Structure formats: C-alpha cells, structure tokens
Amino acid sequence: MTDLVVVGAGLFGLTVAERMAAAGRHVTVVDRRDHIGGNAYSETDAATGIEVHRYGAHLFHTSNARVWEYVNRFTAFTDYTHRVFTTHRGEVFPMPINLGTINQFFRSALGPDAARALIAQQAAEMAGRTPANLDEQGVSLIGRPLYEAFIRGYTAKQWQTDPRELPASIISRLPVRYSYDSRYFSDTWEGLPVDGYTAWFERMIDHPRIEVRLGEDFLDDGAEVSRASTRGRVPVVFTGPVDRYFGYAEGDLAWRTIDFEWETLPVGDFQGTSVMNYADEDVPFTRIHEFRHFHPERTYPADRTVIAREFSRAAVRGDEPYYPVNTPLDRERLEAYRALAASEPDVHFGGRLGTYQYLDMHMAIASALSMVDNVLSR
Ligand code: FAD
Ligand code: NA
C-alpha cells in the first residue's frame with residue numbers, strides 16, 4: 001500500500017516524491033506522459049546526439065541556497081552562462097537592454113549617467129499620464145524608441161494582440177541595465193546539468209520506496225491510480241491543471257502555449273549562440289533556439305545542428321499550457337477553484353498547473369520543499 005500519490009512527475013512532483021521517500025514513506029508517482037521531468041524534460045536527438053528540450057529551452061538558475069544545495073545532490077552543473085541576442089531590422093543587439101544595446105541603437109558612446117538621462121527624457125513623453133494600455137506603459141518605462149524597437153513587436157507576437165489592446169499591467173517593469181553586463185539571469189548560481197536533465201531526474205526517483213507509473217491519467221476514472229481509486233484512502237499531491245481536476249466547473253483558466261518548429265540543418269553552427277530573439281512583427285516567430293550551444297563543452301557533430309523556432313498563441317483545451325494569461329476573470333476563477341480545493345483536505349494542489357502560476361524550476365522546487373515541510377510531514 002502506498003502512503004502518498006503524487007500526480008505529475010515534473011520538478012514539483014519529483015521533489016515531493018524524493019523528500020517523502022527519504023522520510024520513510026512509500027510514494028506512487030503517476031504521469032500521463034511517457035516520461036518523467038514534466039516540461040523540463042530533455043532527450044537526445046537520435047540523428048545528431050544533441051540534447052534537445054522538447055517543451056522549450058530550460059536554463060537552471062537560482063539564488064536560493066537551499067535549492068542549490070538540494071539540486072546538487074542529484075547532478076553537477078556546467079558553468080554555462082545564458083546570454084540572449086535580438087535581431088531588429090537586420091541588426092543584432094544584446095538583450096536585455098543594456099548600455100551596449102543603447103549605444104549600438106543610438107550610435108552613441110554614452111556612459112551610465114548620460115544613458116539614464118536620455119531614457120528618462122524619452123520616457124517623459126508620458127509624464128503625468130497614467131498608461132492606459134501596454135503600449136503607453138512601455139513608452140513610460142523606457143521611452144518610445146527602445147520600446148518600439150525591442151519590446152513592441154515581440155510582445156505583439158507573444159500575445160498575438162496589438163499592445164494598444166493589451167492591459168498596461170502585463171508589464172510592470174522593463175529592466176534596463178546601465179552597464180555592459182549582458183548576463184540574462186542575475187542569480188547567484190546558473191548552469192546546465194552536466195549529463196542532461198533526464199539523468200538528474202532519474203536520480204531523484206531512484207529509490208526503493210518510489211514507484212513511477214507513466215502514461216496514466218489520474219483523472220481517467222478507469223486508471224488503476226485515479227481520483228476515484230484514491231479518494232478517502234490515500235493523500236494526493238496534484239500538480240496537473242486545477243481547472244481540469246474540477247471538471248472546469250468554474251470555467252477554463254486561460255494559458256498561452258508555444259508551437260515549436262523543429263529543424264535539423266546541415267551546418268555546424270546556424271546562429272553562433274543558443275537563443276536569438278526576433279523583435280520585429282514581420283518575422284512570425286518570437287525566437288530561435290540552437291541547442292548545441294547550451295553545451296559547448298560537449299563533442300557534437302561539426303556538420304549538423306538542431307534548431308527550434310517558437311510561435312506563441314492562446315492555448316485551447318488539449319494544448320500544452322505554458323504561461324498563465326492571468327486576467328481579472330482568471331483570478332476570479334482561480335479563487336473559486338481554491339475554495340473547491342480547500343474542501344478536499346486530502347488533495348494538495350501544487351506546481352505551476354495546480355496553482356496557476358508561472359514558476360521557474362528553482363521556484364517549483366522551493367515550493368515543493370515547503371509543501372513537504374509545512375503540510376505533508378506534519
Ligand atoms: P510540470 O513540469 O508541468 O509537470 C507537471 C506534470 O504533471 C506533467 O508532466 C504532466 O504530464 C503531469 N500531469 C498533468 N495532469 C496530469 C494528470 N491528470 N494525470 C497524470 N499526470 C498529469 N524554468 C526555469 O527555471 N528555467 C527556464 O529556462 C525555463 N524555461 C521555460 C520555458 C518554457 C517554454 C516554459 C513553459 C517553462 C519554462 N520554465 C523554466 C519553467 C519550468 O518548466 C517549470 O518550473 C516546471 O515545469 C515546473 O514544474 P511542475 O512540476 O510544477 O510542472
Ligand atoms: Na486541498
């Protein structure tokens with residue numbers, strides 16, 4: 001007999017399972033997919049040997065010492081440092097916007113204070129007015145020239161909506177660095193798992209008290225481990241979509257999804273870097289990932305490379321939910337689902353789908369550790 005059922009083998013579920021097994025419990029993990037790891041899953045492309053991230057590129061980063069110590073029990077990390085570039089009107093700029101971006105864009109040689117003054121002067125166009133939409137918000141934060149070059153088109157593509165029709169609240173800040181630091185993340189630690197994500201995740205569940213069942217949907221009442229078979233018998237940690245758990249009784253929570261267009265090219269290096277954004281609206285995709293660049297320390301083929309173009313759109317049921325849209329209506333529905341969840345004391349909702357929030361990997365792990373401490377171990 002199992003002591004705990006964990007629905008979802010993503011980082012939230014894996015962390016709960018690992019900790020509870022270490023504490024002596026028997027844990028059953030079920031996932032409807034045919035692999036563990038959730039959206040952070042990666043696999044080796046058979047034709048090239050290149051590690052590819054099936055649900056979008058994943059870079060590990062954290063400033064949380066407890067999480068960093070925890071993940072290092074299962075994997076070492078490379079010294080990969082993530083950097084992003086963006087193509088705008090046939091020219092490549094470093095992102096996020098920094099002194100290098102500013103001086104290249106304005107063909108200037110400004111120091112930090114002069115650049116700050118320039119952006120403040122350009123943003124003053126909105127002075128004294130409350131931004132009525134995302135467009136005005138962007139201008140008020142970084143001025144019109146930089147906003148229109150680097151943010152407007154990209155955001156329009158992400159939301160498939162003209163930013164004049166989007167609420168100002170989508171962007172609360174636009175980071176501008178008044179230095180040449182072009183590191184994408186500013187966390188204390190970052191890197192990629194030395195022998196891949198899957199090896200890391202397999203070590204987490206390599207325990208005699210953990211049973212993993214793949215290809216099984218917990219919400220399929222015919223499944224051996226299901227809502228019907230566990231109710232009233234064993235506690236459950238549910239990391240699937242909370243609206244689906246309750247049969248969408250309070251309405252669908254809105255998500256954005258990404259369509260990936262994969263291509264293997266007969267060249268050793270397509271773009272010279274792992275991520276190239278495309279800022280302009282006349283390019284239909286938002287960015288291109290080239291996976292070989294995540295592991296420059298590995299020996300990969302010199303004549304082939306794997307890329308993925310990303311297209312963003314609103315998700316419908318059946319799509320992979322990636323980013324919560326989080327409108328006022330969504331927040332209202334989420335409150336209603338939270339009330340329903342509270343009426344099921346033996347089912348604990350966690351992770352990005354169970355709580356309807358974007359979580360980086362380190363946040364999913366931290367949140368799982370605190371569920372173990374504060375709820376499951378008591
Ligand atoms: P998930 O990984 O989604 O796992 C949930 C699991 O539950 C899934 O495997 C699903 O199949 C399973 N499931 C759902 N319903 C059921 C059911 N009814 N029955 C059985 N199983 C079910 N984070 C970073 O730190 N760095 C990054 O660079 C990064 N890049 C990202 C890029 C994209 C495009 C996206 C969408 C996310 C990215 N993230 C990144 C976030 C990262 O993916 C999440 O932190 C992580 O997935 C959260 O883990 P989770 O366990 O909450 O959810
Ligand atoms: Na509950």
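Per an unreviewed UniProt entry, the chain carries the name UDP-galactopyranose mutase and comes from Demequina litorisediminis. The Sequence similarities (unreviewed entry) field of the UniProt record for the chain holds the comment "Belongs to the UDP-galactopyranose/dTDP-fucopyranose mutase family." UniProt's Cofactor (unreviewed entry) comment on the chain is quoted here verbatim: "FAD".

A. Quick look at the site of ligand 1. Among the 34 residues in the neighbourhood of ligand 1, the closest are listed as Asp-31, His-58, Leu-59, Leu-359 and Met-361. Contact between ligand 1 and Tyr-358: a nitrogen atom at 3.1 Å from a side-chain N or O atom of the residue. A total of 1000 Å² of accessible area belongs to ligand 1 in isolation, and the protein chains cover 97% of it. Where the shell around ligand 1 is concerned, the elements lending two or more residues are helix 1 (11-22), strand 2 (27-31), helix 11 (351-354) and helix 12 (361-376). Among the elements that make up the shell around ligand 1, the one with the highest residue count is helix 11 (three residues). Here the residues of the shell around ligand 1 are counted per class, giving 18 nonpolar, eight polar and eight charged.

B. Representation of the pattern of salt bridges within the structure. Under the counting rule described, the total for this entry stands at 31 salt bridges. For Arg-144, the salt bridge identified is with Glu-148, shortest N-O distance 2.9 Å. Of the two residues, Arg-144 and Glu-148 are both situated in helix 6 (residues 144-159); the distance of four residues between them amounts to about one turn of the helix. Judged by relative accessible area, which is 33%, Arg-144 ranks as partly exposed. In this structure, Arg-313 engages Asp-319 in a salt bridge whose closest nitrogen and oxygen atoms are separated by 2.9 Å. Residue Arg-313 is classed as partly exposed on the basis of its relative accessible area, which comes to 24%. Each of Asp-135, Arg-152, Asp-162, Arg-164 and Glu-281 takes part in salt bridges that share partners, so that together they form one network.

C. Here's a closer look at helix 4 (residues 112-123). Under the 1.5 Å per step criterion, the end-to-end length of helix 4 is 16 Å for 12 residues, consistent within 8% with the ideal 16 Å. Restricting attention to buried positions, one finds in helix 4 the residues Ala-115, Leu-118, Ile-119, Gln-122 and Ala-123. Buried residues in helix 4, looked at end-on, bunch into an arc of 130°, giving them a common side. Exposed positions of helix 4 whose direction lies more than 90 degrees from the buried face are Asp-113 and Gln-121. Turning to helix 4, the residues buried within the fold contact helix 3 (99-105), helix 5 (134-142) and helix 6.

D. Inspection of the layout of surface pockets at higher detail. There is about 180 Å³ of room inside the second largest pocket. The dominant element in the lining of the second largest pocket, judged by the number of residues it contributes, is helix 6, at five residues. Looking at the lining of the second largest pocket, its residues break down into four nonpolar, two polar and six charged.

Cut-offs applied
- Each chain carries its own residue numbering, running from 1 in the direction its sequence is written.
- Written order determines the labels here, with chains lettered from A and ligands numbered from 1.
- Given that this is a predicted model, residues contribute local features only at a pLDDT of at least 70 and side-chain atom pairs are listed and counted only at 80 or more, while totals for whole chains, interfaces and linings are drawn from all residues.
- Neither water nor hydrogens contribute to the side-chain values; these are computed over all heavy atoms in the structure.
- UniProt positions are given in the numbering used here, feature names are shortened, and annotations may be inferred rather than shown by experiment.
- Any residue with a heavy atom positioned within 4 Å of a molecule or strand is treated as near that molecule or strand.
- Two N or O atoms form a polar contact when they lie within 3.5 Å of each other; inside protein one atom must be a possible hydrogen donor and the other a possible acceptor, and for residues adjacent in sequence the pair counts only when both atoms belong to side chains.
- Throughout, the Shrake-Rupley method with a 1.4 Å probe supplies accessible areas, and for residues the shown protein chains are the sole cover considered.
- By the criteria applied, helices consist of DSSP H or I runs no shorter than four residues and strands consist of E runs no shorter than two, each listed in order from the N terminus.
- The classification used treats Ala, Val, Leu, Ile, Met, Phe, Trp, Tyr, Cys and Pro as nonpolar, Asp, Glu, Lys and Arg as charged, and all other residues, Gly among them, as polar.
- Each reported salt bridge corresponds to a side-chain nitrogen of Lys or Arg within 4 Å of a carboxyl oxygen of Asp or Glu.
- Using a 1.4 Å probe on the protein chains alone, a residue whose accessible area is under 20% of its type maximum counts as buried, one over 50% counts as exposed, and one in between counts as partly exposed.
- A helix's residues, less one, multiplied by 1.5 Å, set its expected span.
- By definition, the arc is the one covered by directions from the helix axis to the C-beta atoms.
- Residue contacts are counted whenever heavy atoms from the two residues lie within 4.5 Å of one another.
- A 1.4 Å probe that fits into a set of points on a 1 Å grid over the protein atoms alone but cannot get out defines a cavity; an open set with protein on both sides within 12 Å along at least five of seven lines defines a pocket, and lining residues are those with an atom within 4 Å of a point.
- Grid points are joined across faces, edges and corners, and a volume is the space filled by probe spheres set on the points.

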